[in-house]
Amino acid sequence: MITAEAGKTTEPKNELPRIVFIGQPNTGKSTFFNRVTNATAGVANWPGLTVDFMQAKVEREGKSVEFVDLPGIYDLDGFTEDEKVVQDFLEKYSFDLIVCVINASQIDRQILLPLQLKKLGLPALVALNMADEVKRFGVKINTQQLSQYLGMPVFSISAKYGAGCSLAVDGIWNTVNDIKDSYKVSELVEFCRENKITDNEIQESLDQGIEMPPENLVTFTNRLDSVLLHPVFGLPIFFLTMLALFAFIWNVGMPAQDPVGEFTDWLQSTVLEPGLAFLPEVVKDFVINGPYAGFAALLGFVPLVAFFFVVMKALEDSGYLSRAAYLMDNIMRKAGLDGRGFVMQLFGFGCNVPAIMGTRTIRSRSQRLLSILVIPFALCSARLQVFVFFLGIILPKNGFYALWLLYIISFVVAFVMAAIFNASGQFKSKDPFVIELPPYRTPTFKQVALNVWSEMKTFVQKLSVFMIIGTTITWFLTNYPGGSEGLNTYAGQIGTFFAPLMSPLGINPLLTVSLIIGFVAKEVQLAAVATMYGLGEGSDALKTTLGGAINFQQGFSYCLFSLLYVPCLTTVATIWGETKSTRFTLFSVAVSMIVAWVVAFGFYQTYNLIFAS
């Protein structure tokens with residue numbers, strides 16, 4: 001049984017033993033958590049805390065245990081949002097065991113957390129992850145000697161490949177079964193600050209059978225970084241790499257949509273329409289052009305978004321995104337941000353919501369607010385669908401160049417707006433920029449697949465409701481008042497009302513309504529366009545109709561406005577949830593609307609002035 005020394009309070013034993021995972025960011029903590037829980041975890045809300053955690057209930061040999069994956073932290077007495085969340089959790093909720101995951105190849109920099117747990121006297125188990133890299137980098141660790149010194153079990157694992165994981169999982173179950181009480185930590189921060197881990201304690205722990213390689217050791221990562229982090233060629237290489245990835249997404253993801261479109265068309269003609277034939281025409285029309293149109297639109301873009309997530313996850317797992325943050329730090333600092341803000345901007349490519357939530361790791365509140373303000377300009381996967389569709393109409397052969405340009409524009413606008421707001425003096429920060437550059441790794445198919453599956457599951461679950469609601473609203477607006485068509489419908493009247501504002505951008509009334517509906521979720525925009533034009537989502541007829549109704553400058557202006565205006569209702573709600581400020585939330589919405597209008601207006605009018613005959 002693990003005994004406690006100090007710094008904790010004993011609680012009655014939990015009926016359902018609770019095991020919490022902690023560790024620094026990028027240590028593979030969540031990967032190991034997924035292995036332990038067999039990827040069955042779901043998002044759970046804990047009352048009194050500001051974020052949700054991944055949580056799973058696992059049964060083994062007739063016994064059940066609850067696993068909770070806490071945010072990545074560097075220090076138990078730190079002051080970032082994520083560190084505060086972990087502190088609050090350990091103080092408010094009783095637990096039975098802490099699993100501390102650290103990167104074994106960087107044990108000299110990550111031994112702090114196990115030492116803090118030792119000093120607190122908490123029941124803990126240490127998982128030395130990335131054992132495969134330890135051998136490659138010449139790090140040697142005597143786990144038995146280290147375990148005796150720390151007073152807790154220590155296991156060497158590779159969460160990525162599974163080596164040692166079964167023994168570690170057995171160790172977790174055996175350890176938690178031996179613990180007779182549950183625990184909380186009262187005044188965690190105060191205790192840690194009064195009992196600081198000294199440099200001598202860290203060195204003493206590293207003397208327990210741990211051998212680190214010489215600092216001048218030349219590795220594959222060093223050699224590759226000499227090229228990819230080159231002060232002159234590093235950034236051009238990064239942007240060319242992104243261009244190549246977008247070309248891949250365009251050329252592979254676009255054709256993958258065709259079979260899905262053929263399937264939804266077949267389902268409508270052979271199953272849905274005959275099955276609804278007995279219903280009144282208005283009900284039949286509502287089902288097909290309302291909820292089903294939203295379903296078909298969502299299903300049609302699943303392959304494209306899946307390809308996007310595959311590419312981004314592989315890029316993230318390889319370690320290259322951290323290098324991108326390092327490369328961009330000097331540039332972003334001129335705008336009052338640093339590389340961490342750039343990383344969040346990159347994560348915004350997938351979805352703005354987790355990117356905004358990820359700003360909790362930024363220590364400076366002023367930089368965090370500035371990052372939240374500009375992240376919504378990131379081209380998220382929802383907008384990607386809109387752009388692929390419209391660019392396929394106005395630039396059918398070379399659309400990926402325009403898609404790449406839109407990503408560049410999103411960066412430029414975010415940078416310019418950050419610089420403007422930083423110049424106001426409201427978002428000044430002098431905190432140093434610190435980021436771990438992990439070694440380059442080969443992404444594994446299983447881990448990328450699991451991550452993409454999780455992302456796509458969330459994507460479909462979240463958007464299904466928005467799609468159905470959005471397309472239903474659109475159908476109502478485009479079919480009433482009864483007997484009216486085109487601009488005489490409610491949708492047409494709304495579009496006409498905003499025409500003086502949107503016509504200088506080259507955006508007609510019907511497309512204006514799609515932008516309004518898109519405030520609910522960007523995925524609804526295409527369904528709204530299809531519903532208002534009375535044609536099938538993604539159909540050749542719709543593409544032909546739009547191709548005759550809009551020219552290049554009108555289509556690209558529409559894309560620019562879609563890129564920069566309010567991302568979606570969920571993003572707005574997340575901004576409010578993270579800042580707890582209605583004033584700041586409304587300010588961010590107003591900023592995005594103004595910027596979108598100015599940029600689209602500038603492009604459309606300038607293009608017509610220069611190229612229109």
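Residues numbered from 1 in each chain as written. Predicted model: local features only at pLDDT ≥ 70, side-chain atom pairs only at ≥ 80, totals over all residues. Heavy atoms only, no water.

Summarise the overall build of the protein; cite the residues concerned and give the values.
Along its length, the protein carries 28 helices and 11 strands. Counting all 613 residues of the protein, 53% fall into the buried class. Nonlocal contacts in the protein, meaning residues at least 24 apart in sequence, comprise 78% of its contacts between residues at least 6 apart. For the protein, the exposed area adds up to about 26,500 Å²; of that, 61% sits on carbon and sulfur atoms. (Helix = DSSP H or I, 4+ residues; strand = E, 2+ residues; numbered from the N terminus. Buried < 20%, exposed > 50% of the residue type's maximum accessible area, 1.4 Å probe, protein only. Contact = heavy atoms within 4.5 Å. Areas by Shrake-Rupley, 256 points an atom, 1.4 Å probe, with all protein chains shown as cover.)

Explain helix H23 (residues 509-517) to me, using residue names and the numbers behind them.
Of all the nine residues making up H23, seven are buried; the element is thus mostly covered by neighbouring parts of the structure. By the burial criterion, the buried members of H23 are Leu510, Leu511, Thr512, Val513, Ser514, Leu515 and Ile517.

Please provide a residue-by-residue account of the nonpolar core, values included.
Generally speaking, a soluble globular protein has its nonpolar side chains buried in company with each other. Membership of the largest hydrophobic core comes to 88 residues, with the highest contact counts inside it found for Phe377, Phe387, Phe390, Leu391, Leu406, Phe556 and Phe561. With 11 residues, helix H19 (residues 399-423) is the single largest residue contributor to this core. Apart from residues lying up to four places away in sequence, Phe556 is in contact with Leu391, Ile394, Ala402, Leu405, Leu406, Ile409 and Phe603. Val85, Val99, Ile111 and Trp173 belong to the second-largest nonpolar core, a separate cluster that totals 65 residues. (Core = buried A, V, L, I, M, F, W, Y, C linked by side-chain atoms within 4.5 Å.)

Requested: an account of the environment of Gln203, with residues and values cited.
Topologically, Gln203 is positioned in helix H9 (residues 199-206). Expressed as a C-alpha distance, the spacing of Gln203 and Asp108, which sit 95 residues apart in the sequence, is 8.4 Å.

Which residues make up the pairing of strand E2 (residues 18-23), and what are the values?
Among the six residues that make up E2, six are buried, leaving the element largely enclosed by the rest of the structure. Along E2, one buried face is formed by Arg18, Val20 and Ile22 and the opposite face, lined by Ile19, Phe21 and Gly23, is buried too. Here E2 pairs with strand E5 (residues 63-69) via four bridges, running parallel. By the bridge assignment, Val20 is partnered in E5 with Val68. Bridge analysis of E2 against strand E6 (residues 97-103) gives five bridges, and the strand direction is parallel. When the sheet's bridge partners are listed, Gly23 is paired in E6 with Val101. (Pairing = 2+ DSSP bridges.)

I'd like a description of the confidence of the model for the protein, backed by residues and values.
Mean pLDDT over the protein: 81, with 85% of residues reaching 70 or higher. Taken element by element, the protein is modelled with least confidence in strand E3 (residues 42-45), mean pLDDT 53, and with most confidence in strand E9 (residues 154-156), mean pLDDT 95. In this model residues 1-5 is a low-confidence stretch, pLDDT under 50, and it forms 15 contacts with partners more than four residues away in sequence or in other chains. (pLDDT = per-residue confidence, 0-100.)

Which residues make up a nonpolar patch on the surface, and what values go with them?
Together, Val282, Val283, Phe476, Tyr480 and Tyr490 give the surface a local cluster of nonpolar side chains, amounting to about 400 Å² of exposed area. Note on placement: Val282 falls in helix H12 (residues 281-289). (Patch = residues over 30% accessible without salt bridge, like charges linked within 9 Å, V, L, I, M, F, W, Y side chains within 5 Å. Salt bridge = Lys/Arg side-chain N within 4 Å of Asp/Glu carboxyl O.)

I'd like to hear about the pattern of salt bridges, residue by residue, with values.
Under the criterion given, the structure shown has eight salt bridges. Among the ionic pairs, Lys13 bridges to Asp96, the shortest N-O distance being 2.8 Å. Residue Lys13 is located in the loop between strand E1 (9-11) and E2, and its partner Asp96 is located in the loop between helix H2 (81-92) and E6; the two are separated by 83 residues in the primary sequence. Exposure remark for Asp96: the relative accessible area of 0% places this residue in the buried category. Here Asp225 ties to Arg323 by a salt bridge, and the two come within 3.1 Å at their closest N and O atoms. Here the residue Asp225 occupies a position in helix H10 (residues 220-228), and Arg323 occupies one in helix H14 (residues 320-333), the gap between them amounting to 98 residues.

Can you break down the side chain of Asp77 residue by residue, with the values?
Locating Asp77 in the fold gives a position in the loop between E5 and H2. The exposure class assigned to Asp77 is buried, which follows from its relative accessible area of 5%. Engagement of the side chain of Asp77 in a polar contact is seen with the side chain of Lys196, the distance being 2.9 Å. (Polar contact = N/O pair within 3.5 Å; in protein donor to acceptor, adjacent residues only side chain to side chain.)

Just give me the short version of the packing of aromatic side chains, but keep the residues and values in it.
Counted by the stated rule, this structure contains 21 aromatic pairs. A centroid spacing of 4.5 Å and a plane angle of 35° characterise the contact between Phe390 and Tyr558, whose relative ring orientation is tilted. One end of the pair, Phe390, is in helix H18 (residues 381-394); the other, Tyr558, is in helix H26 (residues 552-564), and 168 residues separate them in sequence. Judged by its relative accessible area of 0%, Phe390 is buried. For Tyr558, a relative accessible area of 0% puts it in the buried group. Joined through ring pairs, the aromatic side chains of Phe21, Phe32, Phe33, Phe67 and Trp173 make up one cluster. In this arrangement the basic side chain of Lys118 is found over the ring face of Tyr149, its NZ or CZ atom lying 3.9 Å from the centre. (Phe/Tyr/Trp six-rings, centres within 6.5 Å; stacked < 30°, edge-to-face > 60°. Lys NZ or Arg CZ within 6 Å of the ring centre and 35° of its normal.)

Can you break down the packing of helix H1 (residues 29-36) against helix H7 (residues 165-178) residue by residue, with the values?
Remark: H1 packs on H7, axes separated minimally by 11 Å, with the N-to-C direction vectors making an angle of 75°. Here H1 lies roughly perpendicular to H7, going by the angle between them. Residue-level contacts link Phe32, Arg35 and Val36 of H1 to Cys165, Ala168, Val169 and Ile172 of H7. (Axes fitted to C-alpha atoms, helices over the stretch in contact; angles between N-to-C directions. Parallel < 35°, antiparallel > 145°, perpendicular 65-115°, else oblique.)

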